[in-house]
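# Coordinate analysis (summary)
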Amino acid sequence: MVLGGGGRMLVTAVGRNTERIRLTRSLNNYPDKTEESKLQISIDETNSRSGKICVALTLLVLTVHVTRCLTSQSWCQKAHNADPKGMKNAVEEIMNETTKLVKKQGMRANGLVTVLCVFLFSIRDGLPLGVFLSLVCAAKNFGNYHRMEVRRLPSIATAGFITTVIVGETADLALKPSDMADLWVGLERIKINETLSGLDCDFVNTLREGVGLNGSEHSLVLWAEKALHMDLDEVRRTRTVLHTEDFDKKRSGLLLERGGEGGETVHVHWKGDLDKVLPMCSHYYEADGTRKALDGGKRAMFNKIIETILTDGVECIAFAHTQIVKEVKHPSPAEEEEEEEEEEEVVLKPVEEDLTLQGMVSMKNPYSPELRRAVKECQDAGVELKLVVSGDLEMARFTAINSAILEPDDSDMDGKIIEASDFRHSFEEDRQKMATHIRIMANSAASDKLLLLQHLKQKGDQVVAITGTSSWDSPALRAADVGLSLGGVVSESSEIIVKDENFLQICDILKVGRCVCHNLQQFVQLQMTLNIAAFAVNFVITLSYNEEPIGPLELLWVNLIMDILGAQALAESHYLQSPSKTPIKNTDQHITRPAWGYIIVQSLNQIVVLLILYFMGDRFLGTNQKVVKALVFNCFAMCQVFVLISCAFEGMLKQIKCLIFVGAIVALQVALMEVMVVAVEGERLEMRQWWISLGIAGVGLPLGWVARTEFRRLGRHRYNPLL
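Residues numbered from 1 in each chain as written. Predicted model: local features only at pLDDT ≥ 70, side-chain atom pairs only at ≥ 80, totals over all residues. Heavy atoms only, no water.

You can see Q602 is positioned in helix α22 (residues 593–621). Ignoring any residue separated from it by four or fewer positions in sequence, one finds Q602 in contact with T529, V643, S646, G700 and G704. (Helix = DSSP H or I, 4+ residues; strand = E, 2+ residues; numbered from the N terminus. Contact = heavy atoms within 4.5 Å.)

Okay, here's the thing in structure tokens:
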């Protein structure tokens, strides 16, 4: 939009050919994400396996009951009509006995089948409920502690699988010249603005010469280009370097001539540490270009300034300058040839005294230690960071090195730092190879970010997150596995909205995602242990005594409190821990072999102790079978509490909420036991029997720790260590 005045403009595209319209059309290729997440797919696979197991176990129960009914008169309470001729009426007999089983023994057989139905229900519906509660808890913590908003709950768990993050220009990665270095002129630190007001023009031009031509510090030259508006090519074209003097890394000298001065004046520049440059100076400049004498008191003040700067751990470079007017000599013809070489040698040697101190530049890292530490944590967690910015290549390199995205001493830089145009104009196969190695992409547009994302996802083993700060990033946010909207500008296209536009939040998202995946693994182990133990105990006792010690309602109760309160306790226990160093692969099974080992050990422990208690409890405890049955149910519920404590032990020491949820489970179990005394005429447990329940269940705590440690050690070389 032109508000006034005149000028010229170049139109490169109109109508449907503009970049904005082209990106808008590409949104149709990435509609809103309604497909199932990787987490949901994993849960559905677990449910499918559980359903098949339940069908097989149901057939097994039916087969056992039919067989016993055919072979035992007492079992069916009526003699069956055996066929004396062998197999003549075998089919009819099986059908008749099956009908009798369903009608007359239905309550006994169907009780176990009902337990199977509860088991299937708890896996198919209880597991998604626990997962949902874990994700809701994580989303709530996002909003309370990190000023984030989660638009799709499964994206929190998907964040745990992230292997690559494409980072744009966040607020804390944006580079300002004032953050790169401080300029000291005289005894004052100068605040440099865009117009360089307050600084003498000749002083600035002289300082540009000293920075641009005397030495090759990349960061110093970059600072001068941004802060002092130095055009390095212009400086090199209009100056002629006569001689350089490089004694060591602590100081270096330079002789040059300026174009337009006719070669009558030679300018001498020295650069280096202040303790090396200051003794060569007799005067110093102030910001307005005033030249003042440098006496002993001033020298002491300069030394005090440098001590303060070095205390902060930053590099300080001093600049000194003087100019020498060439002496015009008229030697005789005989002396001219002899003294030509000697005169040239004297003129080209930079002087080391009577210089004027121009100023000091204290270089510093523009990025906070917290930012660099967050970048390091992401890299240690196996997440690769790719910086895609619209700035020039040198600026992007400086950003990546100082923010620790790229190591400064990395010898293999080939293919890691490129221009976006090089990537854009490469062949398809070459782009696929380049996408893996790219660490920095400069001079890029929104379409380049999308192109890089597409090639990374084509590999199949990458889970890619991307940051977006403008509407131009909408296609990339929709195409990414996890789209992160920084500043909330493109919230409709992202899964997670980050209110604060900085990189530290990205590291927190990674931590929370890993912790959520860890919590879900623990929750699945808790669910499987609970239901496997309950079914096995009921199966053995039903076949032996024709009764279930843990009824369907009791099993449903334990599943209910564990699905709700247990999931909440696990969600709070491991929140925002440091991410593991081994990245979670999206091809990994949600229940690994070490996790199955832990489930089997805990299940066998519960099966053994509950069966011993049921078969021999009346003799050991001197009580009736009705009390033993109540004790078995209470021990079963307490066992799940200690399994929960084993899964959430580390978090319980740090999060008071986790202890509250565990305490609520125990309190509800105590209340249920008292309600059962009144409602169903159950037996009230004495205090001694409560302690016995806790003692038997408590065996699972050290056993679980040993099993977890050993299976983690055995499976670490092959499986994800989150167990």
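Next comes the rest of the account.
On to the packing of aromatic side chains, then. This structure, assessed with the given rule, holds four aromatic pairs. Between the aromatic rings of F203 and Y285, the centroid separation amounts to 6.2 Å while the plane-to-plane angle is 70 degrees, which identifies the pairing as edge-to-face. A residue pair is termed long-range when its members are at least 10 positions apart, and F203 in helix α8 (residues 201–213) and Y285 in strand β8 (residues 281–285) qualify at 82 residues. In terms of burial, F203 and Y285 fall into one category: buried. (Phe/Tyr/Trp six-rings, centres within 6.5 Å; stacked < 30°, edge-to-face > 60°. Buried < 20%, exposed > 50% of the residue type's maximum accessible area, 1.4 Å probe, protein only.)

Once that is clear, we can look at the sheet that holds strand β12 (residues 384–388). To summarise the sheet geometry, strands pair through backbone hydrogen bonds and adopt either a parallel or an antiparallel arrangement. As summarised here, the arrangement of the eight strands in space is β1-β17-β16-β15-β2-β12-β14-β13, forming an open sheet in which the pairing is mixed. A single partner strand is all that each edge strand has here, and the edge strands are β1 (148–150) and β13 (417–419). Within the sheet, the average angular offset between the axes of one strand and its neighbour, ignoring direction, is 20 degrees. Both β1 and strand β17 (residues 496–498) contribute to a ladder of three bridges, which runs antiparallel. Looking at the pairing, E149 lines up with I497 of β17. (Pairing = 2+ DSSP bridges. Axes fitted to C-alpha atoms, helices over the stretch in contact; angles between N-to-C directions.)

Bringing the pattern of salt bridges into the picture now. Applying the stated rule across the entire model yields 17 salt bridges. A salt bridge links K511 to E377, with the nearest nitrogen and oxygen atoms 3.1 Å apart. Residue K511 is located in helix α20 (residues 504–545), and its partner E377 is located in helix α14 (residues 369–380); the two are separated by 134 residues in the primary sequence. Assessed through its relative accessible area of 24%, E377 is described here as partly exposed. Through salt bridges with shared partners, a single ionic network connects D182, R189 and K364. (Salt bridge = Lys/Arg side-chain N within 4 Å of Asp/Glu carboxyl O.)

Position of R208 relative to the elements: it lies in helix α8. We note that R208 is buried and unpaired, the nearest opposite charge coming from E234 at a distance of 9.2 Å. With residues up to four places along the chain from it excluded, the contact list for R208 reads L196, L228, H229 and M230. (Lys, Arg positive; Asp, Glu negative; His and termini not counted.)

Turning next to the packing of α20 against α22. Interhelical geometry of α20 versus α22 gives an angle of 35 degrees and a closest axis separation of 9 Å. Note on packing geometry: the crossing formed by α20 with α22 is right-handed. Residues Q525, M528, T529, I532, A533, A536, V537, V540, I541, S544 and Y545 of α20 lie in contact with α22, whose contacting residues are A595, W596, Y598, I599, Q602, S603, Q606, I607, L610, L611, Y614 and F615. Partitioning the contact of α20 with α22 into residue classes produces 17 nonpolar, six polar and no charged. (Left-handed = near helix turned anticlockwise from the far one by under 90°. Nonpolar A, V, L, I, M, F, W, Y, C, P; charged D, E, K, R; others polar.)

Turning our eyes to something else, we now look at unusual backbone geometry. Phi angles above zero are rare outside glycine, and H229 is one such case at about 55 degrees. In this structure, H229 sits in the loop between α9 (218–227) and α10 (232–238).

End to end, helix α23 (residues 625–647) covers 33 Å across 23 residues, agreeing with the expected 33 Å (1.5 Å per residue, within 8%). Capping the start of α23, N624 holds a side-chain oxygen 3.1 Å from the backbone nitrogen of K626, two or three residues further along. (Expected span 1.5 Å × (residues − 1). Polar contact = N/O pair within 3.5 Å; in protein donor to acceptor, adjacent residues only side chain to side chain.)

Once that is clear, we can look at a nonpolar patch on the surface. There is a patch of nonpolar side chains on the surface, built from L129, F132, V136, L560 and I564 and spanning about 390 Å² of accessible area. Breaking the nonpolar patch down by element, the ones donating at least two residues are α5 (106–145) and α21 (552–573). If one sorts the elements of the nonpolar patch by residue count, α5 sits on top with three residues. Assessed through its relative accessible area of 32%, L129 is described here as partly exposed. (Patch = residues over 30% accessible without salt bridge, like charges linked within 9 Å, V, L, I, M, F, W, Y side chains within 5 Å. Areas by Shrake-Rupley, 256 points an atom, 1.4 Å probe, with all protein chains shown as cover.)

Here we come to the pairing of strand β7 (residues 265–272). For β7, the tally of buried residues reaches eight of eight residues, placing the bulk of the element in the interior. Burial of the side chains of β7 extends over both faces: T265, H267, H269 and K271 are buried on one face and V266, V268, W270 and G272 on the other. Note that strand β6 (residues 251–258) and β7 share six bridges and pair antiparallel. Residue R251 lies in a different strand from β7, and its bridge partner there is G272.

Counting buried residues in strand β11 (residues 355–363) gives nine out of nine residues, a clear majority hidden from the surface. Pairing geometry for β8 and β11, over three bridges, is parallel. Each residue of the ladder has a partner; that of Y284, found in β11, is L357. Two strands pair when backbone bridges link them, and strand β10 (residues 315–325) and β11 are joined in this way by seven bridges, in the antiparallel orientation. The residue of β11 that forms the bridge with F319 is G359.

This paragraph deals with the nonpolar core. Of all hydrophobic cores here, the largest spans 141 residues; its most connected members are I156, W223, L385, F503 and F636. Of all the elements, α20 adds the most residues to this core, at 18 residues. Contact partners of W223, with chain neighbours within four places excluded, come to P177, M180, A181, L183, I192, L228 and V361. Counting residues in hydrophobic clusters, the runner-up holds 22 residues, among them M280, C281, I306 and L355. (Core = buried A, V, L, I, M, F, W, Y, C linked by side-chain atoms within 4.5 Å.)

This paragraph deals with the environment of A293. Positionally, A293 belongs in strand β9 (residues 291–293). For the pair formed by A293 and H283, sequence separation is 10 residues and the distance between their alpha carbons is 4.3 Å. With sequence-adjacent residues up to four places away left out, A293 is seen in contact with S282, H283, Y284 and K298.

Here we come to the environment of T322. Relative to the helices and strands, T322 resides in strand β10. Note on T322: relative accessible area 15%, which makes it buried. The spatial distance from the C-alpha of T322 to the C-alpha of V351 is 8.7 Å, given a sequence separation of 29 residues. Excluding residues that lie within four positions of it along the chain, T322 makes contacts with V266, H267, V268, V351, D354 and L355.

Mean pLDDT over the chain works out to 78, with 76% of the residues at or above the 70 mark. This stretch, residues 101–109, has a pLDDT under 50; its non-local contacts, to residues over four places away or in other chains, come to 17 contacts. (pLDDT = per-residue confidence, 0-100.)

Our focus in this paragraph is α9. Within an α-helix, residues lying three or four positions from one another point in the same direction, as the helix has 3.6 residues per turn. Of all the residues in α9, the buried ones are L220, V221, L222, W223, A224 and A227. After α9 finishes, the residue H229 shows a positive phi value of roughly 55 degrees.

Okay, the state of the cysteines next. Counting across every chain of the model gives zero disulfides. The closest cysteine sulfur to the non-disulfide-bonded C378 is located on C507, 4.0 Å from its own sulfur. Sulfur of C517: no disulfide; nearest cysteine sulfur belongs to C515 and is 9.4 Å away. (Disulfide = S-S within 2.5 Å.)

Here the focus is the packing of α22 against α23. Closest axis-to-axis distance for the α22/α23 pair is 10 Å, and the angle between their directions is 155 degrees. Between α22 and α23, the angle falls in the class roughly antiparallel. Both α22 and α23 take part in a crossing whose hand is right-handed. On α23, the residues touching Y598, Q602, Q606, L610, L613, Y614, G617, D618 and L621 of α22 are Q625, V628, L631, V632, C635, F636, C639, Q640, V643, S646 and C647. (Parallel < 35°, antiparallel > 145°, perpendicular 65-115°, else oblique.)

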